[in-house]
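Coordinate inspection notes
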Amino acid sequence: MELRALTPFMGMEVRGIDLRQPVGDADFALIRHALNTHSVLLFRDQALAEADHVSFSRRFGPLLTHVLTQFLKEAHPEIYVLSNVVDAGKAIGNHKEGWNWHSDLSYKAEPCLGSLLYAIETPPEGADTLFASMHAAWDALDEDAQQRIRHMKAVHSYAAYYGKAFADRNPLSDEQKAKTPDVAHPLVRTHPETGRLSLYVGEDVVKEIEGLSAGESETLLAELNGHAIDPAFTHRHVWQPGDLIIWDNRSTMHRATPYDDVKYRRVMHRTTVAGDRPF
Ligand code: SIN
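Cut-offs applied
Residues numbered from 1 in each chain as written. Predicted model: local features only at pLDDT ≥ 70, side-chain atom pairs only at ≥ 80, totals over all residues. Heavy atoms only, no water. Core = buried A, V, L, I, M, F, W, Y, C linked by side-chain atoms within 4.5 Å. Buried < 20%, exposed > 50% of the residue type's maximum accessible area, 1.4 Å probe, protein only. Contact = heavy atoms within 4.5 Å. Pairing = 2+ DSSP bridges. Helix = DSSP H or I, 4+ residues; strand = E, 2+ residues; numbered from the N terminus. Axes fitted to C-alpha atoms, helices over the stretch in contact; angles between N-to-C directions. UniProt positions renumbered as here; feature names shortened; annotations may be inferred. Near = heavy atom within 4 Å. Polar contact = N/O pair within 3.5 Å; in protein donor to acceptor, adjacent residues only side chain to side chain. Nonpolar A, V, L, I, M, F, W, Y, C, P; charged D, E, K, R; others polar. Salt bridge = Lys/Arg side-chain N within 4 Å of Asp/Glu carboxyl O. Expected span 1.5 Å × (residues − 1).

1. Remarks on the nonpolar core
With 50 residues, the main nonpolar core has Leu68, Ile149, Tyr158, Leu187 and Leu199 as its most contacted residues. In this structure Leu187 touches Ile149, Met152, Lys153, Ala154, Ser198, Leu199, Tyr200, Val201, Ile209 and Leu224, once residues within four positions along its chain are discounted. Counting 23 residues, the second-largest nonpolar core is a separate cluster that includes Val14, Leu19, Leu63 and Ile246.

Structure, rendered in structure tokens:
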């Protein structure tokens, strides 16, 4: 196994490993360490069955299932499908999921540690995923800005995100709403395994900053979200079928980008690993 940096500030490509085979403890320790320190890991040319994807994901911890159960694989409900494909009149996956900057499941009291996204079908153009290092974003704030926000909390809301991202769809059911109450998280979070700080923001999912007026909250959030996605901290991944990427949701944000969804098919499988309460 060989690891190669993707950018100076984030990301590594892991080569020479077939994830259909059990990963030995020593190699897994290197992978886990690389995830904690480099936040995004790319494995190319994989040929994973659903069960392989799930079993490699489980090495990182217990897996979560998404609240939009209509997009889960029947045999492996840990897999959430992102796709524009409609089969026999039924969408096989959630289309336009994550087309804004966010960290997965940040609306949960215990958001996920990481996500493993596996590319099955990818358009020849568009549909890239952008990643931003929230460690780099925090480090680049000046000391006054750091002091100002250091102990602030922001409200993350799945209902707010869903209402904006999927305004043309049926609203969330009462059961789905009950499973996703709003939650307040620190604006600055500590990586539980390395101790490094990162900015913890997000576009549509972060509704407001506690203790500020609506206007102040909106201004500060726009400022922080704008800072967080400075090109100096972001990396664009151009997908090929067979790519698997795992990202650390405790130190990154990401967003999917549009593509010609009439002309092309995109099928991606995502698992998410349980995490801790941000502090
Ligand atoms: C996601 O937010 O997990 C989706 C990213 C993508 O589809 O590129």
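So much for the structure itself; the text now carries on.
2. Quick notes on the sheet that holds strand 11 (residues 183-186)
Strand order across the open sheet formed by 3 strands is 11-10-14, with antiparallel pairing between neighbours. Taken across any chain shown, the strands that pair with only one partner, and hence form the sheet edges, are strand 11 and strand 14 (206-209). The sheet shows a mean angle of 35 degrees between the axes of neighbouring strands, taken without regard to direction. Pairing of strand 10 (residues 153-156) with strand 14 involves 3 bridges; the strand directions are antiparallel. Bridge assignment links Ala154 to a residue of strand 14, and that residue is Ile209.

3. Let's talk about the sheet that holds strand 15 (residues 234-237)
A sheet is described by the order of its strands in space; here 3 strands give the open sequence 15-9-17, paired in antiparallel fashion. Every interior strand has two partners, whereas the edge strands, strand 15 and strand 17 (252-256), have only one. Adjacent strand axes in the sheet meet at a mean angle of 20 degrees when their direction is disregarded. Pairing of strand 9 (residues 129-133) with strand 15 involves 4 bridges; the strand directions are antiparallel. Note that in strand 15 the partner of Ala132 across the bridge is Thr234.

4. Description of the UniProt feature "domain: TauD/TfdA-like" (unreviewed entry) in the protein chain
UniProt annotation of "domain: TauD/TfdA-like" (unreviewed entry) refers to residues 3-272 when read in the numbering used here. Note that residues 3-272 is 24% helix and 27% strand, and that its end C-alpha atoms are spaced 23 Å apart.

5. Structural notes on the site of the ligand
Around the ligand sit Leu82, Gly98, His102, Asp104, Leu117, Thr129, Trp247, His254, Ala256, Arg266 and Arg270, and those are all the residues in its vicinity. In the environment of the ligand, an oxygen atom lies 2.8 Å from a nitrogen or oxygen atom belonging to the side chain of Arg270. Here the shell around the ligand is composed, by residue class, of 4 nonpolar, 4 polar and 3 charged.

6. So, the pattern of salt bridges
Applying the stated criterion across every chain yields a total of 16 salt bridges. For Glu13, the salt bridge goes to Arg4, with nearest N and O atoms at 3.3 Å. The buried category is assigned to Glu13, whose relative accessible area is 8%. Residue class for Arg4 comes out partly exposed when judged on its relative accessible area of 37%. Residue Arg250 is joined to Asp248 by a salt bridge in which the shortest nitrogen-to-oxygen separation is 2.9 Å. Of the two residues, Arg250 and Asp248, both sit in the buried class.

7. Focus: helix 5 (residues 158-165)
For helix 5, the set of buried residues is Tyr158, Ala160, Tyr161 and Tyr162. Residues of helix 5 that are buried make contact with strand 10 and strand 14.

8. Points about unusual backbone geometry
You will see that Leu105, though not glycine, has its phi angle at about 60 degrees, which is positive. In this structure, Leu105 sits in the loop between strand 7 (90-91) and strand 8 (114-121). Positioned with a positive phi, Ala127 is a non-glycine residue whose angle comes to about 65 degrees. Examined against the element boundaries, Ala127 turns out to sit in the loop between strand 8 and strand 9. Residue classification places Ala127 among the buried residues on the basis of a relative accessible area of 3%.

9. Overview of helix 1 (residues 25-38)
For helix 1, spanning 14 residues, the distance from its first C-alpha to its last is 19 Å, which sits close to the expected 20 Å at 1.5 Å a residue. Of the surrounding elements, those touching the buried residues of helix 1 are strand 1 (2-5), strand 2 (12-15), strand 3 (40-43), helix 2 (50-58) and strand 16 (244-248). Where helix 1 terminates, the next one or two residues include Ser39, which has phi positive at roughly 70 degrees.

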